[in-house]
Amino acid sequence: MRYDLVIKNGTVIDGSGMPRYRADVGVSGGKIAAIGRIGDRAKEVIDAQERVVAPGFVDGHTHMDAQIFWDPLGTCSCYHGVTSVIMGNCGFTLAPLKKDEADLVLYNLERAEDISMAAMRAGVDITWETFPEFLDVVERLPKGINYGGYMGHSALRTYVMGERAFSDKATSEDLELMAREVKDAVRAGAMGFSTSRASTHMLPDGRPVASRIADWDEVKALVGAMGEMNAGIFEIAGEATGRDPERIGDYQQRLKDLAVSTGRPVTWGMFSSRRAPDLWRSYMDLLDETAQAGGRMFAQVHSRAINVLYSFMTRMPFDRLPEWRSLRELSLGEKEQALKDPERRRQLVEAAKTLTGRDLPVDYEWLLLMDTVAGPNPTVADLAQQRNVHPAEVIIDEALARHLKLFFISPIANELEGPALELMKHPRSVVTFSDSGAHVSQIMDSSLQTHVFSHWVREKQALSLEEAVRMVTFETASAWELPNRGLLRPGYAADVVVFDPDTFEPTYPEVVNDLPAGSRRLVQKANGIAATVVNGEVLMRDGEHTGALPGQLLRGPLARR
């Protein structure tokens with residue numbers, strides 16, 4: 001037999017959790033054709049000697065709905081071995097929409113995903129109205145990786161209610177129309193329905209995004225529509241309950257009741273926090289309680305701290321102060337010269353000193369210099385104490401020492417390693433939630449999967465390679481019911497990543513202006529990946545795009561029947 005591709009001499013870790021073994025992997029017609037000792041000829045050969053051959057990684061939480069229109073490659077996910085993603089999380093999608101009201105839908109995304117309206121207008125050619133039409137457009141787009149997607153509540157509400165979506169309770173007629181659209185979307189291949197009730201999801205003018213105006217009865221009705229079809233996953237960015245036990249208990253009870261009554265899997269992100277180190281435990285207990293009650297629920301967890309990245313290249317924590325805000329209009333070279341000016345520097349430090357107590361934009365004890373990606377990195381507070389200066393002095397000095405190309409890390413969640421590992425190992429959690437495509441100049445979590453291997457496997461030895469591969473392949477593919485992905489098996493889609501376990505790691509982030517209209521974002525690549533294969537074609541070799549665009553649209557189960 002002549003194969004399209006043979007990956008030879010590799011150490012196969014197949015995603016199941018079974019022990020590794022030496023074998024070749026033969027690919028034909030976009031699928032895995034054979035695993036074993038392959039002597040037949042092939043159009044293309046990858047030598048995987050001393051490298052791991054694993055299924056392509058699956059990320060269930062991204063926001064690439066707009067990006068897919070101007071970035072066919074699927075960055076930054078594709079740089080980290082990810083071959084399939086689910087977009088449309090947290091209620092943020094580009095469909096359905098009315099073309100003459102498209103800006104209302106884009107408005108929901110602008111602040112939450114940190115993509116300017118100018119970039120979206122320039123980069124997205126809107127040729128659809130309904131969600132099924134949107135899926136057809138995505139299917140035709142050139143794609144480097146595979147995409148599935150939810151229908152988002154904010155877009156749906158805006159489509160049906162127009163401006164009322166941002167202020168009014170839905171009428172019975174509104175609900176009927178929304179439920180019909182949900183059913184049409186799921187029939188066409190939506191992975192399900194997503195929403196947000198999170199207080200952090202705001203419009204640029206400070207109002208809540210459309211989904212946050214909905215009451216719980218509206219959420220129940222729309223998830224119930226999927227329940228009537230026995231199809232679709234419900235994803236939610238949860239309510240801001242604070243630490244109030246009554247509010248937490250009420251919210252958790254509603255989630256459990258919804259999962260049990262509709263029969264639909266319910267999923268949400270869960271992170272630990274230094275401010276409430278045990279709060280996450282009741283949510284993980286909820287997963288077991290829901291299963292015992294007859295419902296399905298799983299948590300999405302992260303492999304490391306979720307960090308806001310500050311820099312003079314992007315934004316700084318003091319930018320609300322006039323003295324600091326004036327720097328933003330300068331080029332990087334001009335900023336460097338300004339910071340070297342003693343009087344300008346004095347003004348900046350004195351302004352920073354006016355922020356104390358609750359007015360402090362960051363906790364200096366948890367503001368770290370990003371000397372290296374792997375860390376450990378020093379805190380600004382420790383360096384300020386050692387030097388007997390104000391923390392702003394440290395920030396300026398350290399940034400100048402690197403010509404301002406230095407990031408400062410501000411962890412906002414999951415900063416405690418013990419709970420983070422417990423969350424990853426919980427039997428009802430999946431390791432995902434890169435948010436790839438969102439918060440594009442603020443947070444860089446697309447390296448989540450790479451971090452699993454560089455930190456938890458190689459550095460901490462808290463996971464075996466087999467455990468880590470299973471976490472980001474089979475478990476994620478199974479949670480989102482992606483057929484024939486997440487394992488290396490004959491007949492499965494040939495999504496494969498070939499990497500060196502001794503050097504696999506994320507690189508230092510960069511700031512680029514490659515979005516439409518010249519908008520800015522963070523980019524982070526990885527070392528140690530020899531090849532990424534998508535649907536049988538080599539997408540990346542040694543971190544470089546081959547020119548192939550073999551990605552596919554992944555439709556939900558009703559569309560596959």
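Keep in mind the model is a prediction, meaning the values are calculated, not measured. (Residues numbered from 1 in each chain as written. Predicted model: local features only at pLDDT ≥ 70, side-chain atom pairs only at ≥ 80, totals over all residues. Heavy atoms only, no water.)

> Can you help me understand the nonpolar core in this one?
Side chains that are nonpolar tend, in soluble globular proteins, to be buried together. Formed by 125 residues in total, the largest nonpolar core has its most connected members in W268, F453 and F499. Top contributing element to this core by residue count: helix 6 (residues 216-229), with seven residues. With near-sequence residues (within four places) excluded, W268 lies in contact with I236, L255, Y283, L286, L287, M297, F298, A299 and Q300. In this structure, V308, A381, I395 and I396 belong to the second largest nonpolar core, which totals 34 residues. (Core = buried A, V, L, I, M, F, W, Y, C linked by side-chain atoms within 4.5 Å. Buried < 20%, exposed > 50% of the residue type's maximum accessible area, 1.4 Å probe, protein only. Helix = DSSP H or I, 4+ residues; strand = E, 2+ residues; numbered from the N terminus. Contact = heavy atoms within 4.5 Å.)

> Looking at this model, I keep getting lost on the environment of L175. Mind explaining?
Here L175 shows up in helix 5 (residues 172-188). For L175, a relative accessible area of 23% gives the class partly exposed. Not counting the four nearest positions on each side in its chain, L175 is found in contact with A170, E218, A221 and L222.

> Would you take a moment to explain helix 1 (residues 102-112) for this structure?
Since the α-helix packs 3.6 residues into each turn, any two residues three or four apart lie on the same face. Among all positions in helix 1, only A102, L104, V105, L106, N108, L109 and A112 are buried. If you follow the buried residues of helix 1, they end up packed against helix 2 (117-123) and helix 4 (153-161). Of the residues one or two after helix 1, D114 is the one with positive phi, at around 60 degrees.

> Would you mind showing me how to read the packing of helix 8 (residues 279-293) against helix 14 (residues 417-425) here?
For any two helices packed against each other, the geometry is given by the interaxial angle and the distance between the axes. For the pair helix 8 and helix 14, interaxial distance at closest approach is 11 Å and the crossing angle is 5 degrees. With respect to helix 14, the axis of helix 8 lies roughly parallel. Mapping the contact onto sequence places W280, R281 and M284 in helix 8 and P419, E422 and L423 in helix 14. Taken together, the residues of the contact of helix 8 with helix 14 sort by class into four nonpolar, no polar and two charged. (Axes fitted to C-alpha atoms, helices over the stretch in contact; angles between N-to-C directions. Parallel < 35°, antiparallel > 145°, perpendicular 65-115°, else oblique. Nonpolar A, V, L, I, M, F, W, Y, C, P; charged D, E, K, R; others polar.)

> How do you make sense of the pairing of strand 11 (residues 233-237) when you look at a structure like this?
The side chains of a regular strand alternate between the sheet's two faces. Burial analysis of strand 11 places five of its five residues in the buried class, the great majority of the element. Residues I233, E235 and A237 line one face of strand 11 and the alternating positions F234 and I236 line the opposite face, and both faces are buried. Pairing of strand 10 (residues 192-196) with strand 11, which is carried by five bridges, proceeds in the parallel orientation. Residue pairing in the sheet places S196 in a bridge with A237 of strand 11. Traced from strand 10 through helix 6 to strand 11, the parallel crossover comes out right-handed. (Pairing = 2+ DSSP bridges. Right-handed = clockwise from strand over helix to strand, strands pointing away.)

> Whenever I open this one, the sheet that holds strand 10 confuses me. Can you help?
Consider a sheet: its strands pair through backbone hydrogen bonds, and that pairing is either parallel or antiparallel. Read from one edge to the other, the open sheet built from six strands follows the order 9-10-11-12-13-17, with strand pairing classed as parallel. Each edge of the open sheet carries a strand with a single partner, namely strand 9 (151-152) and strand 17 (429-431). Inspection of the sheet shows strand 12 (residues 266-269) paired to strand 13 (residues 297-301) by four bridges, in the parallel sense. Opposite T267, over in strand 13, you have F298 as the bridge partner.

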